[in-house]
Amino acid sequence: MTDTQTQLENRPPSVATLFVQRVAATPDAEAYRYPVPSAAGQGPDDWKSLSWGEAAERVYAIAAGLIDLGVRSEERVALASSTRVEWILADLGILCAGAATTTVYPQTNAEESAYILADSESRVLVAEDAAQLAKAREKRAELPNLQHVVVIDPAAEPAEGDPEGWVVSLADLEARGAEYLAKHPSAVKERVEAITSEQLATLIYTSGTTGRPKGVRLPHDNWSYMAKAIASTGLVTKDDVQYLWLPLAHVFGKVLTSGQIEVGHVTAVDGRVDKIIENLPVVQPTYMAAVPRIFEKVYNGVAAKARAGGAAKYKIFQWAAGVAREYAKESQDNFRRTGTASASFGLTAKHKVADALVYSKLREAFGGRLRAAVSGSAALSPEIGFFFAGAGIHILEGYGLTESSAASFVNPGEAYRTGTVGKPVPGCEVRIADDGEILLRGPGIMQGYHGLPEKTAEVLESDGWFHTGDIGELSADGYLKITDRKKDLIKTSGGKYIAPAEVEGQFKAVCPFVSNILVHGADRNFCTALIALDEPSILGWAKENGLDGKSYAEVVAAPQTERLIEGYVKRLNEGLQRWQTIKKFRLLPRDLDIEHGELTPSLKLKRPVVEREYKDLIESMYEGAREA
């Protein structure tokens, strides 16, 4: 048996236990960094740190405070907050109390928040601020199980009509917990020791494209396994600095907290997406995780900046981007054959020049120390992946679902292959069904959907194999390539199958102005597309092309904008099979977003929502066309 197998098989029952062990091993080491806005709200934030020992003091106080509020083992405590250090401390406090965390995206509206709180039978809600408190207050009559709301930001106060003690500040909960521990010093220790591996740890509600979200039941053992599996990949070391901005209500963000506890590295936490560019040079992370949209935005931003610098500068950027892709492809091919990432002499010389002109500046924008970035949650366009790889920003694509605790596959360090999601993490089994569907089995798979045994039976076989709903291919040496969602495959009226995500990804690689694209063509005799443009990029172009001062909607409606995008659609079509080509397209009057329900909080496209909302635009592209 290998060391990795031994560690996985002898894993502790919970991440709460791992946390206790981490604190005992390195109490004085830095655990978390977090921003504190400057007093006047002007200027850069001041970053502060918590050691593992200091974090534990707060975690145990939160746990004891919840115990004092009457929270029992496996009872649910909901957490509705953006990504911040208090989210992590509260989650660990909930777990150390033996309770289970129900995660709620802060963007979730009052009605759906109430559904999640009611379905999970959450006893306590940890709410970030007055806005989250207001949702619970509005629906309080529908939430008989909700006994308390713990508010992180001190500005949110109890209001007239609130039951006595219903609203508690996080500071007061911690003070209450400290008092409780003074009287019952072993209370939290006893709760942690009593946790079993099959005990419920987390309920994450999937942000489905239709219908009510389903609560995915993830026991303590899922997170303990994930922590050990992530550590065993060797991708992360104790000397790393992680920049964590992903939503922690999402399984991708949540799993990163488990891996960090096992490895013991530093995590800088700040979920404000608009601060990413500002934070990177300050945090100087050695690794970070992101969703493809972030890399697409960076790519579009770099291209737009080069274009704004004039024709010569843009030509240099385009040349350097081509060299980066060529260099990355050749290096990866050579590594596959020989075990050494190398390129030809001529290409290496061009790459060196391009590095001085373009790539080095890009790496500095990421903080200058980024060793690797992990991309997940959706497919990254290979051409964008190759660009970053050639520029020295190594994007390791991974794959997993809420139902598999997020990290089922990841690309293995130097041996990564752009366009694949890598190999299974230790302990995860995979097989491809006859229809191409990816099936997974292992310690990361959920217990089932909360209160929905029939829905569970649809995806989880009695022998443990989980049906992902994704279509994929395995290489001879175990690398997985995702080709599409099973339910998203389009079959044209001519009987041809098309993977829309593949076409959409290719368009994002050729068009630097695109933000979101939806390819449509099910039961039609040709494909069409709805295209939303990236506002900063297209307005920058508009300024240089006679449309300065126009609004986004006016720019998108302008004939010259349509001609611009038509040129990119033609370039896309040149690389597609005839039946995949986009015959017509429409530009959307605004970008797709979470607020209108068109994107999930992890920025995945909700196809049925978009197709329903823009039904008239879609139909207009088929008017007068002969349908087979």
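All figures in this text were calculated on a predicted structure; none of them were measured in a lab.

1. Re the side chain of Glu437
One can find Glu437 in strand β18 (residues 437-441). For Glu437, the side chain forms a polar contact with the main-chain nitrogen of Gly469, separated by 2.7 Å.

2. Let's talk about helix α20 (residues 559-574)
Spanning 16 residues, α20 covers 23 Å between terminal C-alpha atoms, matching the ideal 22 Å at 1.5 Å per step. By the burial criterion, the buried members of α20 are Thr561, Leu564, Ile565, Tyr568, Val569, Leu572 and Asn573. In this structure, the buried residues of α20 make contact with α13 (311-338), α17 (500-510), β25 (527-533), α18 (535-544), α19 (552-557) and β26 (582-587).

3. Concerning empty space enclosed by the protein
In total, this model carries three cavities of 30 Å³ or more according to the counting rule given. Tyr225, Ser404, Ser408, Cys428 and Gly444 are, among the 14 residues lining the largest cavity, the residues nearest its centre. Of all elements in the fold, only α9 (220-232) and β18 reach the threshold of two or more residues within the lining of the largest cavity. Residue composition of the lining of the largest cavity, by class: eight nonpolar, five polar and one charged. Considering only enclosed or pocket space, the second largest cavity measures out at about 40 Å³ in volume. Every residue along the wall of the second largest cavity is listed here: Ala80, Val104, Ser113, Leu117, Leu125, Gln132, Lys135 and Ala136. Every element with two or more residues in the lining of the second largest cavity is listed here: α5 (110-119) and α6 (130-138). When grouped by side-chain class, the residues that make up the lining of the second largest cavity number five nonpolar, two polar and one charged.

4. A closer look at the environment of Val20
Its location among the elements puts Val20 in helix α2 (residues 15-25). For Val20, a relative accessible area of 33% translates into the label partly exposed. Sequence-wise, Val20 and Cys96 are 76 residues apart; in three dimensions their C-alpha atoms are separated by 9.0 Å. For Val20, the residues in contact, after removing those within four places along its chain, are Tyr60 and Val192.

5. Points about unusual backbone geometry
Although it is not a glycine, Glu74 adopts a positive phi angle of roughly 70 degrees. By the element assignment, Glu74 lies in the loop between α3 (52-68) and β3 (76-80). Classification of Glu74 as partly exposed rests on a relative accessible area of 29%. Even without glycine at this site, Asp523 takes up a positive phi of about 65 degrees. Examined against the element boundaries, Asp523 turns out to sit in the loop between β24 (514-520) and β25.

The rules behind each value
Residues numbered from 1 in each chain as written. Predicted model: local features only at pLDDT ≥ 70, side-chain atom pairs only at ≥ 80, totals over all residues. Heavy atoms only, no water. Helix = DSSP H or I, 4+ residues; strand = E, 2+ residues; numbered from the N terminus. Polar contact = N/O pair within 3.5 Å; in protein donor to acceptor, adjacent residues only side chain to side chain. Expected span 1.5 Å × (residues − 1). Buried < 20%, exposed > 50% of the residue type's maximum accessible area, 1.4 Å probe, protein only. Contact = heavy atoms within 4.5 Å. 1 Å grid on protein atoms, 1.4 Å probe; cavity = no way out; pocket = protein on both sides within 12 Å on 5 of 7 lines; lining within 4 Å. Points joined across faces, edges and corners; volume = space filled by probe spheres on them. Nonpolar A, V, L, I, M, F, W, Y, C, P; charged D, E, K, R; others polar.

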